[in-house]
Amino acid sequence: TRSLTITSSDRPFEKAQGEKVTLPCTFVLSEEDNGPLDIEWVLIPADNQKQEEIIIMYSADRIYNVYYASVTGRMQFSSPDPGSGDGSLDILNLKSADTGMYQCKVKKAPGVQSQKIQLTVLVKPARTKCSIEGSQEIGKDVTLKCASQEGSPLLSYDWRRASGTQELPATSVLNKNTGELLLKNASRDYSGTYNCVASNRVGTDECSVELNVTPPINTAGIIAGAIIGTLLGLSILAFLIFCCCKKHKDKKYEKEVHHDIREDVPPPKSRSSTARSYIGSNRSSLGSMSPSNMEGYTKTPYSQVPSEDFERSPGQNPTFAPSKVAAPNLSRMGAVPVMIPAQSKDGSIV
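The chain has the name Coxsackievirus and adenovirus receptor in an unreviewed UniProt entry, where Pterocles gutturalis is given as its organism.

Below, the structure is given as structure tokens:
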């Protein structure tokens, strides 16, 4: 007894992103298979917890391919009439998300057959960048790095020089998996342009970098200059601060001297007030004198009045006439009348 049989191979497929792939699913029907024909393509998820997704289906002479918007227009039957025995699937403009296990199911009662095909969508290396790590000085170790931002594993990296024999220096060490090229004990001969090529099974991409090996920098001189400059700057700053503080202190002292009021020192007396005080005191003493002590008072010349309290030039001394000097009425005051001495022209007391 014959039954429905799938005749196509179930080998896996590897394709690059953006390309087209045809997953085969051809079959042969038997005389016993007289039921309706159904053909389904299902995507089996890698996670067993998820359900299978029907991508496209042929049933009752009709095609149903509007199950998922992400695959609409990109997945279709290869044959315009899948019922003729060719239920192969075409996937256009492949994406990395299309990677997975696909299953073709053919049912025509009582015959049922299925076949699984593994599809891997590989991404070509893209946006590859080159860089230099380490000091580009003579005698130092320099590392050239290369990495692709996109690309399916396994990626392989290869370095070569862009000029001359394109051979790498004898001291170089290449790691094709990481893309690092170590140049030990670099010399001037190592200078030049280096190219890196990243590749996998579906494509390549490359980048370049310029290496310039130079003599070492005199770091001791730079450090000494930096230290001297720093000390000089600190000295200038300290001098400016000192000048500012001194100027501020001088201004403060000058302000205190001008505005300081000393309460313990009385104001100076004028000469006129001193003279009046002296004459007034003498008159008071004259009023209290009695005839008995008048003799002692008359012995003191009137000309010996202290000149520091009351001084006048000889031309400015007024001449008082004895007749015009009016004696005060001392009897009313209860005091003993006394005679006021006067000075004659020859200097004697009268």
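Concerning the environment of K95
By secondary structure assignment, the location of K95 is in the loop between β9 (89-91) and β10 (100-108). Not counting residues up to four positions away in its chain, the partners in contact with K95 are Q17, R74 and V121.

Notes on the state of the cysteines
Following the criterion strictly, the structure yields three disulfides and no others. Across the disulfide from C130 sits C207; the S-S distance is 1.8 Å. Around the S-S axis, the bridge from C130 to C207 shows a dihedral of about 75° and counts as right-handed. In this pair, C130 sits in strand β12 (residues 126-133) while C207 sits in strand β18 (residues 203-211), placing the two residues 77 residues apart along the sequence. By relative accessible area, C130 is classed as buried at 18%. Paired by a disulfide, C146 and C196 hold their sulfur atoms 2.1 Å apart. When the S-S torsion is -90°, as for the bridge of C146 with C196, the disulfide is left-handed. Taken together, the residues span a long stretch of sequence, with C146 in strand β13 (residues 142-150) and C196 in strand β17 (residues 192-200) at a distance of 50 residues. With relative accessibility at 2%, the residue C146 sits in the buried group. According to the relative accessible area criterion, C196 is buried, its value standing at 0%. Numbered by order of appearance in the sequence, the disulfide-linked cysteines of the chain pair as 1-2, 3-6, 4-5. For the unlinked cysteine C243, the closest cysteine sulfur is that of C244, found at 6.9 Å.

Focus: the nonpolar core
Judged by nonpolar contacts, the single largest core of 26 residues is most densely connected at L23, W41, I91, Y102, V106 and L119. Of all the secondary structure elements, the ones that give two or more residues to this core are β3 (21-23), β5 (37-44), β6 (53-59), β8 (75-77), β9, β10 and β11 (111-122). If we skip the residues at most four places from it in the chain, I91 touches E19, K20, V21, L23, R74, M75, D98, Y102 and L119. Formed by 18 residues, the second largest nonpolar core is a distinct cluster that contains L144, W159, L181 and V213.

Re the sheet that holds β6
The six strands lie next to each other as β2-β11-β10-β5-β6-β7, forming an open sheet whose pairing is mixed. One side of each edge strand has no neighbouring strand; the edge strands of this open sheet are β2 (13-16) and β7 (62-64). Neighbour-to-neighbour, the strand axes of the sheet open up by a mean angle of 20°, direction not taken into account. By the bridge criterion, four bridges tie β2 to β11 in an arrangement that is parallel. Note that in β11 the partner of E14 across the bridge is T120.

Remarks on the pairing of β6
Regular strands show a simple pattern: their side chains alternate between the two faces of the sheet. Among the seven residues in β6, five count as buried, and that is most of the element. Both β5 and β6 contribute to a ladder of six bridges, which runs antiparallel. By the bridge assignment, I39 is partnered in β6 with Y58. Where β6 lies against β7, three bridges are found, and the strand directions are antiparallel. Across the sheet, S59 pairs through a bridge with R62, a residue of β7. With antiparallel pairing between neighbouring strands as the criterion, β6 and β7 make up a hairpin whose turn holds two residues, including A60 at a positive phi of roughly 55°.

What about the environment of V123?
The topology assignment puts V123 in the loop between β11 and β12. Once the C-alpha coordinates of V123 and K95 are considered, the two residues, 28 residues apart in sequence, prove to be 8.4 Å apart. Aside from chain neighbours lying at most four places away, what touches V123 is Q17, S96, G151, S152, N200 and V202.

Quick look at the sheet that holds β8
One open sheet accounts for three strands, arranged β3-β9-β8; its pairing is antiparallel. Unpaired on one side and paired on the other, β3 and β8 mark the two borders of the sheet. Neighbour to neighbour, the strand axes of the sheet diverge by 25° on average, direction disregarded. Of the pairings in the sheet, the one linking β8 to β9 comprises three bridges and is antiparallel in character. Looking at β9, one finds that F77 is bridged to L89.

Rules and cut-offs
- Residues numbered from 1 in each chain as written.
- Predicted model: local features only at pLDDT ≥ 70, side-chain atom pairs only at ≥ 80, totals over all residues.
- Heavy atoms only, no water.
- Helix = DSSP H or I, 4+ residues; strand = E, 2+ residues; numbered from the N terminus.
- Contact = heavy atoms within 4.5 Å.
- Disulfide = S-S within 2.5 Å.
- Buried < 20%, exposed > 50% of the residue type's maximum accessible area, 1.4 Å probe, protein only.
- Core = buried A, V, L, I, M, F, W, Y, C linked by side-chain atoms within 4.5 Å.
- Pairing = 2+ DSSP bridges.
- Axes fitted to C-alpha atoms, helices over the stretch in contact; angles between N-to-C directions.

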